[in-house]
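One-letter residues, chain by chain:
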Amino acid sequence: MDPDRRTTEAPLFGDPPNPIDPPSGCRFHTRCKFAAPVCSATAPVLAEIGPAHRVACLMACRTRGIRRLGRGRMSGTSAPTPIVDVENLTVDFHGGPKPLRAVAGVDLTLRPGEVLALLGESGSGKSVTLRALMRLLPERRAVIGGNVTVDGHDVRALSRRDLTAYRGRTIAMIFQEPGLALDPVYRVGDQITEAVIRHEGISRSAARDRALKLFERVRIPSAAKRLDNYAHEMSGGMRQRAMIALALACRPRCCSPTSRPPRSTPPCRSRCCCCCANCSASSALR
Ligand SMILES: Nc1ncnc2c1ncn2[C@@H]1O[C@H](COP(=O)(O)OP(=O)(O)OP(=O)(O)O)[C@@H](O)[C@H]1O
Ligand code: SF4
Ligand SMILES: [Mg+2]
């Protein structure tokens, strides 16, 4: 919570708040060891309590002095235009007995060259946030609110046709489960080659060459041979790397891993990177 006073991590025990019927006030008050009576009555707002340090916590704001943020930005920067600009993102799932609010008012900004880590306990909405950026949520059941702009695209307004180009060229996702990204009935190298041809219209041999270079870059051993593997012929670690190669194949402006990449993965060279990890994993990104 407070980096000046923190000596060890302050884990929250117990289950995450029920998103269908969350606790009143601060969602954490039933489990937070710093909770005061006011925490069950008042929901904290995001506030800046130090340089590049924002919190949504009533106690932190009391002890350090509040400056409420009008918009989710750090002050005093003349930074380049953001690639990802999200304001008050909400995601509600309908279809159950009551709507489920999976994401409640997320603001985030990501500029070229930046890496952003989304940390939170299991079920706190990290993957849903990134899926909203990709428009990969079930259209009928998931209602996205707020403003989501990625590389100048108003993501909520993209047509189906625009979405195809948007996913892959503008933003790419590295899924938590390789099975979601890799097709079991096509050779992995062919999947990467096809993606590059479809998005960039370059020749098959140039696309295959790019796939090979990517396999080498993510350090898949015997890269040329492995291009002809099906996903089930690879080890778990290789599948994860192949997935990263697939995500980077079309040189997206922004890349979103939905879990911490394997330690040995080389740095991602897309223009910016938005990652998420469980806070129980002691490090964010190494
Ligand atoms: N398609 C869906 N329909 C209904 N609820 C969903 C759907 N997808 C996710 N949820 C719910 O949204 C909430 C946030 O889920 P999300 O997958 O974003 O969690 P997470 O922070 O990525 O967790 P983890 O660290 O375990 O991956 C959870 O309560 C989950 O059950
Ligand atoms: S407002 Fe801060 S101190 Fe109060 S319950 Fe929430 S996290 Fe804990
Ligand atoms: Mg997740």
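In what follows, the structure referred to is the one given above.
Residues numbered from 1 in each chain as written. Chains lettered and ligands numbered in written order. Predicted model: local features only at pLDDT ≥ 70, side-chain atom pairs only at ≥ 80, totals over all residues.

**Notes on the site of ligand 1**
Rules: Here is the check we use: build the C-beta atom from the backbone, and if it is within 6 Å of the molecule or strand, call the residue near. Elements are defined by DSSP. Helices are runs of H or I of four residues or more, strands are runs of E of two residues or more, and each kind is numbered from the N terminus.
Looking at ligand 1, there are 14 residues lining it, with Ala102, Ser122, Lys126, Ser127 and Val128 nearest. Only β4 (100-110) and α2 (126-134) provide two or more residues apiece to the shell around ligand 1. It is α2 that provides the largest number of residues to the shell around ligand 1, a total of three residues.

**Considerations on unusual backbone geometry**
Heads up, the rule is: Three exposure classes are used, based on other C-beta atoms lying within 10 Å of a residue's own C-beta, which is placed from the backbone: buried for 20 or more, exposed for 12 or fewer, and partly exposed in between.
Unlike most non-glycine residues, Arg135 shows phi in positive territory, near 55 degrees. One can find Arg135 in the loop between α2 and β6 (142-150). Take Arg135: there are 21 C-beta atoms within 10 Å of it, and that puts it in the buried class. The phi dihedral of Asp151 falls on the positive side, at around 50 degrees, and the residue is not glycine. For Asp151, the location among the structural elements is in the loop between β6 and β7 (153-154). What makes Asp151 partly exposed here is the crowd of 19 C-beta atoms within 10 Å.

**A look at the site of ligand 2**
Filter applied, for reference: Only Asp, Glu, Lys and Arg are considered charged, only Ala, Val, Leu, Ile, Met, Phe, Trp, Tyr, Cys and Pro nonpolar, and every remaining residue, Gly among them, polar.
The full set of residues close to ligand 2 is Cys26, Phe28, His29, Cys32, Phe34, Ala35, Cys39, Pro44, Cys57, Leu58 and Met59. Here the shell around ligand 2 is built from residues that sort into ten nonpolar, one polar and no charged.

**What to know about the packing of helix α5 (residues 188-200) against helix α6 (residues 204-217)**
As a reminder of what qualifies: Fitting a line to C-alpha atoms yields each axis, with helices limited to the stretch in contact; the angle taken between N-to-C directions then spans 0 to 180 degrees. An angle below 35 degrees is treated as roughly parallel, one above 145 as roughly antiparallel, one from 65 to 115 as roughly perpendicular, and anything else as oblique. Working rule for handedness: look at the near helix, and if it is turned counterclockwise from the far one by less than a right angle, call the crossing left-handed; if clockwise, right-handed. For every residue pair, C-beta atoms are placed from the backbone, and the pair is scored as a contact if these atoms sit within 7 Å.
Between α5 and α6, whose axes approach to 8 Å, the crossing angle comes to 125 degrees. For the element pair α5 / α6, the angle class is oblique. Where α5 crosses over α6, the handedness of that crossing is right-handed. Between α5, through Gly189, Ile192, Thr193, Val196 and Ile197, and α6, the contact on the second element is made entirely by Arg204, Ala207, Arg208, Arg210, Ala211 and Leu214.

**So, the nonpolar core**
Note on soluble globular proteins: their nonpolar side chains tend to be buried together. Stated precisely, the cut-off is as follows: To form a nonpolar core, buried Ala, Val, Leu, Ile, Met, Phe, Trp, Tyr and Cys residues must be joined through C-beta atoms within 7 Å.
In this structure, Leu133, Met243, Ala245, Ala247 and Ala249 are the most contacted members of the largest nonpolar core, which totals 48 residues. For this core, the element with the most residues is helix α8 (residues 236-248), which contributes eight residues. Here Ala249 is in contact with Ile192, Ala195, Val196, Arg210, Ala211 and Leu214, once residues within four sequence places are set aside. In this structure, Cys26, Cys39, Cys57 and Leu58 belong to the second largest nonpolar core, which totals five residues.

**Considerations on the environment of Arg210**
Tracing the backbone shows Arg210 in helix α6. For Arg210, a count of 22 C-beta atoms within 10 Å puts it in the buried group. Measuring from C-alpha to C-alpha, the distance between Arg210 and Cys250 comes to 9.4 Å, with 40 residues separating the pair along the chain. Ignoring anything within four residues of it in the chain, the contact list for Arg210 reads Val196 and Ala249.

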